[in-house]
Amino acid sequence: MVRIRVLVVDDHRIFAESLAAALAAEPDVDVFAAGSGPAALRCLERAAAEGRRYDVLLVDADLGTALPGGRPAVPVHDGDEEGLVDGISLVAGVRAAQSAVRTVVLAERDDPRRAALALQAGASGWVAKDCSLSRLLTVIRGVLRDETHLPPALLTGVLKELTAARKHRTESERLVESLTPREREVLRCMVAGLGRKAVAERLFLSPHTVRTHMQNVLGKLGVHSTLAAVALARRAGVGPADLGAAGPIGVEESSSA
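Residues numbered from 1 in each chain as written. Predicted model: local features only at pLDDT ≥ 70, side-chain atom pairs only at ≥ 80, totals over all residues. Heavy atoms only, no water.

Caption draft 1: Geometry of helix α1 (residues 13-24). With twelve residues, α1 ought to run about 16 Å at 1.5 Å a step, and its terminal C-alpha atoms sit 16 Å apart, in line with that. Each element contacted by the buried residues of α1 is listed here: β1 (4-9), β2 (29-34), β3 (56-60), β4 (102-107) and α5 (133-143). (Helix = DSSP H or I, 4+ residues; strand = E, 2+ residues; numbered from the N terminus. Expected span 1.5 Å × (residues − 1). Contact = heavy atoms within 4.5 Å.)

Caption draft 2: Broad picture of unusual backbone geometry. Although it is not a glycine, D146 sits at a positive phi angle of roughly 70°. Residue position: D146 is located in the loop between α5 and α6 (155-177). Accessibility expressed as a relative area gives 56% for D146, which makes it exposed. Of note in this structure, F204 is not a glycine but carries a positive phi near 60°. Mapped onto the elements of the fold, F204 is located in the loop between α8 (196-203) and α9 (207-221). (Buried < 20%, exposed > 50% of the residue type's maximum accessible area, 1.4 Å probe, protein only.)

Caption draft 3: Seen up close, the packing of aromatic side chains. Applying the stated criterion across every chain, the model contains one aromatic pair. Aromatic pair F32 and Y54: ring centres 5.8 Å apart, planes at 80°, arrangement edge-to-face. Of this pair, F32 sits in strand β2 while Y54 sits in the loop between α2 (37-49) and β3; the two residues are 22 residues apart in sequence, bridging distant segments of the chain. What makes F32 partly exposed here is its relative accessible area of 34%. Relative accessible area serves as the criterion here: at 7%, Y54 is assigned to the buried category. Residue placement shows R5 over the ring face of Y54; its charged tip is 4.7 Å from the ring centre. Geometry around F15 places K129 over its ring, the cationic atom sitting 4.5 Å from the centre. (Phe/Tyr/Trp six-rings, centres within 6.5 Å; stacked < 30°, edge-to-face > 60°. Lys NZ or Arg CZ within 6 Å of the ring centre and 35° of its normal.)

Caption draft 4: Main features of the sheet that holds β3. Pairing is parallel across the open sheet formed by five strands, whose spatial order is β2-β1-β3-β4-β5. Every interior strand has two partners, whereas the edge strands, β2 and β5 (125-128), have only one. On average, adjacent strands in this sheet sit at an angle of 25° to one another, irrespective of strand direction. In this structure, β4 lies alongside β5, joined through four bridges in parallel fashion. Counterpart to V105 in the pairing with β5 is W126. Packed onto the sheet, α1 meets β1, β2, β3 and β4 and runs at close to 170° relative to β2. Along the sheet, α2 makes contact with β1, β2 and β3, crossing β1 at roughly 160°. (Pairing = 2+ DSSP bridges. Axes fitted to C-alpha atoms, helices over the stretch in contact; angles between N-to-C directions.)

So this is what it looks like as structure tokens:
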């Protein structure tokens with residue numbers, strides 16, 4: 001019998017333990033639980049190192065919101081023992097690190113926008129938390145056959161969201177393509193969260209030159225703030241500069257460069 005390894009990721013301990021116990025009653029399912037995004041990532045890494053990868057992750061859509069302090073969720077690469085990782089960021093992180101693992105998002109309520117975001121991040125399904133065990137098992141087995149599962153009531157809304165996102169992405173890509181190679185370098189540094197001084201040091205430019213490039217980037221993208229520029233860049237698929245790599249070797253440019 002081929003066994004399915006499932007990891008439940010939910011910071012509602014009672015729910016996670018109850019779901020894990022119900023799934024464990026199935027003869028072909030091995031189930032484990034993690035109470036946070038960082039804990040889930042450690043479980044995945046440890047399992048991979050030991051040659052016993054997980055097959056399916058069941059991820060709470062509201063992961064992190066139940067923890068005290070009201071702290072915002074953070075990207076996967078910033079998660080630590082006390083940090084938070086929201087559900088959709090975790091889905092994206094798992095897709096990037098272990099693409100063979102299928103993820104299914106468990107949600108308290110139907111939300112077409114967030115369901116679309118989950119699919120874009122790499123999720124294979126969106127399921128109500130109060131669905132029957134038989135339905136959840138059908139989804140688990142289905143995603144392992146590369147099926148995508150959504151509640152019928154969400155299909156129309158999710159399709160509209162995905163169509164709108166594709167339209168925004170196309171427009172965003174067109175705007176990014178209008179940038180010069182140097183301006184794209186600066187934009188990638190902005191996406192990485194670098195300020196003007198840090199960008200100047202990385203690209204071997206003067207702060208004045210970097211300021212000019214940033215102003216040009218905002219103008220060409222048609223936005224008025226760095227945050228808006230970063231959001232547009234993300235929609236266009238622009239990733240952050242690799243902060244682990246050395247910046248390009250070049251000469252000081254004038255403000256007209």
